[in-house]
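Residues per chain, in single letters:
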Amino acid sequence: MIDGAKVETYKQAKGSDLKIWLFYPTSAPAAGAQAGPRPAIVFFFGGGWRSGSPEQFVPQCRHLAARGMVAAVADYRVATRQQVKPAECVADAKSCVRWLRKNAERLGIDPHRLAAGGGSAGGHLAAAAATLPGLDEPGEDTSGSCVPDALVLFNPALMLAPFGAVGMQGFGADLSAARFGCEAQAISPVHHVRKGLPPTLIQHGRADTTVPYVTAETFAAEMKKAGNRCELVGYDGQPHGFFNAAKYDETLAEADRFLVALGFLAAKPPNP
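Okay, so let's go over this structure. Only a predicted model underlies this, so the values are computations on that prediction, with no experimental measurement involved. (Residues numbered from 1 in each chain as written. Predicted model: local features only at pLDDT ≥ 70, side-chain atom pairs only at ≥ 80, totals over all residues. Heavy atoms only, no water.)

**Overview of the pattern of salt bridges**
Stage number 1. One pass over the structure, following the stated rule, counts 21 salt bridges.
Stage number 2. The closest approach of N and O atoms between Asp92 and Arg77, which form a salt bridge, is 2.8 Å. Here Asp92, found in helix H3 (residues 86-102), pairs with Arg77, found in the loop between strand E4 (70-74) and helix H2 (79-82); they are 15 residues apart in sequence, far enough to count as distant. One exposure class covers both Asp92 and Arg77, and it is buried.
Stage number 3. Bridged by salt links that share partners, the residues Lys11, Arg77, Asp92 and Glu137 form one connected network. (Salt bridge = Lys/Arg side-chain N within 4 Å of Asp/Glu carboxyl O. Helix = DSSP H or I, 4+ residues; strand = E, 2+ residues; numbered from the N terminus. Buried < 20%, exposed > 50% of the residue type's maximum accessible area, 1.4 Å probe, protein only.)

Given below as structure tokens:
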């Protein structure tokens, strides 16, 4: 249970009921906000595709719901609980985004203002839903789009195979298909950057040794080269997972600013 959230099942897969918890605004739309369905965002937790909890992004959800969005955290299968590979985690993320779009009217959300976010492996899943072909759940109806309309990423794993002159370190050192459940390039977002991808915000610690900062720089450069909007905000001296504590307020304010710029949130009134 997550207090204050509406819980639904977005997918049943190999004996697992995968839940999503939705936080709704409790007040009328803020001044300047559009009437009608609300913009929405879904967050995927980090944990190396092995473990983790949807509760990781509950604080961000509460903030964004208070600001007027429908904000959600989603569960997905992981290695320690369901003995899956990252490729199946990607399938779950894609299923989740499609489920939100297919149920948008009932849920009161705008299917054309649906963002995805996450940290570390969860950031990878949000980016994977936007970039990767294939890796869908076998037998699932894939007629609806799984591509989010915006990405809000915290120290995401965006490069899972060597790219150009950039080699692999840390998080992506094991590039085997046995680890990922598919070939490394098939699950590596930077290898699938193309024109028309959603506007993206990446917040990343410059001292991250788990997911090196250069991988975020490489992804951002490729996005811009393809004509996509991509903002990379680096934090000096910050390691992996920095957004959970040391820079929580700062990174949340940056995400809020980005969503205001995209029209997902109303601008905050100036301080008196």
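We are not done yet, so read on.
**Considerations on unusual backbone geometry**
Stage number 1. The backbone of Lys14 sits at a positive phi, close to 50°, despite the residue not being glycine.
Stage number 2. Here Lys14 shows up in the loop between strand E1 (6-13) and strand E2 (16-23).
Stage number 3. Owing to a relative accessible area of 68%, Lys14 belongs among the exposed residues under this scheme.
Stage number 4. Of note, the phi angle at Gln83 is positive, near 55°, even though the residue is not glycine.
Stage number 5. Among the secondary structure elements, Gln83 is positioned in the loop between H2 and H3.
Stage number 6. Overall, Gln83 belongs to the exposed group, its relative accessible area being 61%.

**Quick word on the environment of Pro198**
Stage number 1. Inspection of the secondary structure puts Pro198 in the loop between helix H6 (177-180) and strand E7 (200-205).
Stage number 2. Residue classification places Pro198 among the buried positions, given a relative accessible area of 5%.
Stage number 3. Taking C-alpha positions, Pro198 is 9.7 Å from Met223, a pair spaced 25 residues apart along the chain.
Stage number 4. Contacts of Pro198, omitting those with residues within four sequence positions, involve Ala130, Val147, Pro148, Asp149, Ala150, Leu151, Met223 and Arg229. (Contact = heavy atoms within 4.5 Å.)

**Digging into the side chain of Glu137**
Stage number 1. Turning to its location among the elements, Glu137 is positioned in the loop between helix H5 (121-131) and strand E6 (150-154).
Stage number 2. Engagement of the side chain of Glu137 in a polar contact is seen with the side chain of Arg77, the distance being 2.9 Å.
Stage number 3. Dropping the residues within four chain positions of it, Glu137 is found in contact with Lys11, Ala13, Arg77, Ala91, Asp92 and Ser95. (Polar contact = N/O pair within 3.5 Å; in protein donor to acceptor, adjacent residues only side chain to side chain.)

**Describing the sheet that holds strand E5 (residues 109-119)**
Stage number 1. The strand order E1-E2-E4-E3-E5-E6-E7-E8 describes an open sheet built from eight strands, whose pairing is mixed. Because the sheet does not close on itself, it has two edges, and the strands there are E1 and strand E8 (230-235). Neighbour to neighbour, the strand axes of the sheet diverge by 20° on average, direction disregarded.
Stage number 2. Summarising the sheet, E6 and E7 pair through four bridges and their orientation is parallel. (Pairing = 2+ DSSP bridges. Axes fitted to C-alpha atoms, helices over the stretch in contact; angles between N-to-C directions.)

**Some remarks on the packing of aromatic side chains**
Stage number 1. All chains considered together, the criterion is met by nine aromatic pairs.
Stage number 2. Centroid distance Phe43 to Phe57: 4.8 Å. Interplanar angle 5°. Geometry classified as stacked. Here Phe43, found in strand E3 (residues 38-44), pairs with Phe57, found in the loop between E3 and helix H1 (58-66); they are 14 residues apart in sequence, far enough to count as distant.
Stage number 3. Measuring from centroid to centroid gives 6.3 Å for Phe242 and Phe243, while their planes differ by 90°, and the two rings are edge-to-face. The exposure classification of Phe242 matches that of Phe243, with both residues buried. (Phe/Tyr/Trp six-rings, centres within 6.5 Å; stacked < 30°, edge-to-face > 60°.)

By themselves, these observations are geometric and do not establish any function.
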